[in-house]
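Listed below, chain by chain, are the residues.
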Amino acid sequence: MSNQPNPLLPSEILTPFSEPDISKILETALLTTQEPLALAELKQLFEGEVSSKLLQASLEKLQEKWRDSGIELVNTAGGWRFRSKQEMQVFLDRLNPQKPPRYSRAVLETLAIIAYRQPVTRGDIEEIRGVAVSSNILKTLETRGWIEAVGQRNVPGRPSLYATTESFLNDLNLQSLEQLPALDELAALTDLPEPQDQEAPTDSETTKMLESGQADSLQNITSAPSVH
């Protein structure tokens, strides 16, 4: 199946902006902003005089233009943005050495459970992991912007329900939860120490799933390199 965009209709290309101008304006806006820009926001650059379809086609051409560069144009849940490619991070670190945050297995197991079972309560997480979940674990994930309370379960005590955020998807370079990797692709993350968290490892369902694969998805979100 071809990935080429559908041809534009005449009514969709009648604009005071030429295609090179549209591409240049989009490129400038995306290279100079730190946050993803949704299509609706990008349309504001042209005061509504450029159709969504033309914008989409221009973005795809721009994406292709940068494909072989050290940075890439990606479409995430929050919109379009430029990011440095993962393989470039080792060189960027030489300019500004920074130790990426490291998270314990307990933190990453909790994140995985919330991502794949959401919305879930603290009790749900504890039932799956087989151990108590400390408040520090949830606080760490909330502070990082990866989870948030989205409501309360209608049971005695009305416990909070947790779900992942748009920032979580943006950091993983995903547009939706449907694009999350399969559980059996998650990497073993037991070598990520967190001194505050001395929780003993368990043989829980989630631990086995985390230790069964070789993907880098959850490791990558701990650094999430950006062009900015």
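Residues numbered from 1 in each chain as written. Predicted model: local features only at pLDDT ≥ 70, side-chain atom pairs only at ≥ 80, totals over all residues. Heavy atoms only, no water.

### Here's the deal with the pattern of salt bridges
Applying the stated criterion to the full structure yields 8 salt bridges. Taken together, the salt bridges that share partners define one network made up of R105, E109 and R129. (Salt bridge = Lys/Arg side-chain N within 4 Å of Asp/Glu carboxyl O.)

### Here we look at the packing of aromatic side chains
For the coordinates displayed, the defined rule picks out 3 aromatic pairs. Look at F17 and F46: their rings are 5.1 Å apart centre to centre, the planes differ by 80 degrees, and that puts the pair in the edge-to-face class. On the criterion of sequence distance, the pair formed by F17 in the loop between α1 (10–13) and α2 (19–31) and F46 in the loop between α3 (39–44) and α4 (52–65) is long-range, its members being 29 residues apart. (Phe/Tyr/Trp six-rings, centres within 6.5 Å; stacked < 30°, edge-to-face > 60°. Helix = DSSP H or I, 4+ residues; strand = E, 2+ residues; numbered from the N terminus.)

### With respect to the nonpolar core
Membership of the largest hydrophobic core comes to 23 residues, with the highest contact counts inside it found for L111, I114, I125, L138, W146, I147 and F168. Elements with a contribution of two residues or more to this core: α6 (105–117), α7 (122–129), α8 (135–144) and α9 (166–171). By residue number, the principal contributor to this core is α6, which donates 7 residues. In this structure I114 touches V120, I125, L138, I147, Y162, A163 and T164, once residues within four positions along its chain are discounted. The next biggest cluster of nonpolar side chains, apart from the first, holds 17 residues, and it includes L26, V50, L62 and F82. (Core = buried A, V, L, I, M, F, W, Y, C linked by side-chain atoms within 4.5 Å. Buried < 20%, exposed > 50% of the residue type's maximum accessible area, 1.4 Å probe, protein only. Contact = heavy atoms within 4.5 Å.)

### Considering α8
Along α8, the positions that sit buried rather than exposed are I137, L138 and L141. The buried residues of α8 occupy one face: seen down the axis, they fall within an arc of 95 degrees. Residues of α8 that are exposed and point over 90 degrees away from its buried face: N136, K139 and T143. Here the buried face of α8 lies against α6, α7, β3 (147–152) and β4 (160–164). Of the residues one or two after α8, G145 is the one with positive phi, at around 85 degrees. (Arc of directions from axis to C-beta.)

### Some points on unusual backbone geometry
A negative phi holds for most residues other than glycine; trans holds for most peptide bonds. Q118 connects to P119 through a cis peptide bond whose omega is -5 degrees. With respect to the secondary-structure elements, P119 resides in the loop between α6 and α7. The residue R158 is not glycine, and still its phi comes out positive at about 40 degrees. With respect to the helices and strands, R158 occurs in the loop between β3 and β4. Even without glycine at this site, N173 takes up a positive phi of about 65 degrees. Looking at the secondary structure, you find N173 in the loop between α9 and α10 (205–210).

### Considering the confidence of the model for the chain
Fine structural detail should not be taken from predicted coordinates in areas where pLDDT scores are low. A residue-level look at the chain finds 72% of positions with pLDDT of 70 or above and a mean pLDDT of 78. Within the chain, the lowest mean pLDDT, 41, falls on α10, and the highest, 95, falls on β4. Low pLDDT, under 50, characterises residues 186–228; the stretch is placed with 106 contacts to residues that sit more than four places away or in other chains. (pLDDT = per-residue confidence, 0-100.)

### Topic: the packing of α6 against α7
Following both chains from N to C, one finds α6 and α7 inclined at 115 degrees, their axes separated by 10 Å at the closest point. As far as their axial angle goes, α7 and α6 are roughly perpendicular. Note that α6 runs across α7; the crossing there is right-handed. Between α6 and α7, the residues in contact are A106, E109, T110, I113, I114 and R117 and I125, I128 and R129, respectively. For the contact of α6 with α7, the per-class residue count stands at 5 nonpolar, 1 polar and 3 charged. (Axes fitted to C-alpha atoms, helices over the stretch in contact; angles between N-to-C directions. Parallel < 35°, antiparallel > 145°, perpendicular 65-115°, else oblique. Left-handed = near helix turned anticlockwise from the far one by under 90°. Nonpolar A, V, L, I, M, F, W, Y, C, P; charged D, E, K, R; others polar.)

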